[in-house]
Amino acid sequence: MTDLKPCPFCGGKAEDGYYDAYSADSSFDYIGCTDCKAMIEYDDRGHARAEAIVAWNTRYKPKAEELFDQQIAEYVKRGKP
Ligand SMILES: [Zn+2]
């Protein structure tokens, strides 16, 4: 099973679950948070499971933060001047 990162909203535990509604048409699979209930539905009719997992695990990173990380990585690689 693919590792799911914690919830991007509250840091809660993520689960690969199934919502069992009264009818099969209303039931769905999802990647979601056990705490705040944020979720991404997936099924054969819409998003595939793999897409839902990638979307759940993707985090927004501001450009400045990305640049900072690159500079830190370069600094560490070079060692102290
Ligand atoms: Zn959450």
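Note: the structure precedes this text.
Residues numbered from 1 in each chain as written. Predicted model: local features only at pLDDT ≥ 70, side-chain atom pairs only at ≥ 80, totals over all residues. Heavy atoms only, no water.

Draft legend 1. Quick look at the overall build of the protein chain. A count of helical and extended segments in the protein chain gives two helices and three strands. The secondary structure elements of the protein chain, listed N-terminal to C-terminal, are β-β-β-α-α. The dimensions of the protein chain, computed from C-alpha atoms along their principal axes, are 65 × 25 × 25 Å. Each of the 81 residues in the protein chain was classed as buried or not, and the buried ones make up 22%. Put simply, of all contacts in the protein chain between residues at least 6 apart along the chain, 30% involve residues at least 24 apart. When the accessible surface of the protein chain is totalled, it reaches about 6500 Å², and 55% of it is carbon and sulfur. With 11 positive and 15 negative side-chain charges, the protein chain shows a spacing of 13 Å between the two charge centroids. (Helix = DSSP H or I, 4+ residues; strand = E, 2+ residues; numbered from the N terminus. Buried < 20%, exposed > 50% of the residue type's maximum accessible area, 1.4 Å probe, protein only. Contact = heavy atoms within 4.5 Å. Areas by Shrake-Rupley, 256 points an atom, 1.4 Å probe, with all protein chains shown as cover. Lys, Arg positive; Asp, Glu negative; His and termini not counted. Charge placed at Lys NZ, Arg CZ, Asp CG, Glu CD.)

Draft legend 2. Seen up close, the coordination of the zinc ion. Protein coordination at the zinc ion comes from Cys7 (SG), Cys10 (SG), Cys33 (SG) and Cys36 (SG), with a distance range of 2.3 Å. Seen from the zinc ion, its four donor atoms lie at angles of 101 to 116 degrees, and the figure they make is tetrahedral. Expressed as a motif, the donor residue spacing for the zinc ion is C-x2-C-x22-C-x2-C. According to the relative accessible area criterion, cysteine 7 is buried, its value standing at 5%. Overall, the relative accessible area of 43% leaves cysteine 10 in the partly exposed class. (Donors = N, O, S within 2.8 Å, 3.2 Å for Na, K, Ca; no water. Tetrahedral: all angles 85-135°; square planar, octahedral: opposite > 155°, others 65-115°.)

Draft legend 3. View of the packing of aromatic side chains. The full count for this structure, using the stated rule, is two aromatic pairs. With 6.2 Å between their ring centres and 65 degrees between their planes, phenylalanine 28 and tyrosine 30 make a pair best called edge-to-face. Taking relative accessible area as the criterion, tyrosine 30 reaches 12% and is therefore assigned buried. (Phe/Tyr/Trp six-rings, centres within 6.5 Å; stacked < 30°, edge-to-face > 60°.)

Draft legend 4. Spotlight on the environment of proline 8. By the element assignment, proline 8 lies in the segment before strand E1 (14-19). The spacing of proline 8 and alanine 38 is 30 residues in sequence and 9.0 Å in space, taken between C-alpha atoms. Setting aside residues no more than four positions away along its own chain, proline 8 makes contact with Trp56 and Arg59.

Fair warning: the whole summary comes from geometry, so function is off the table for now.
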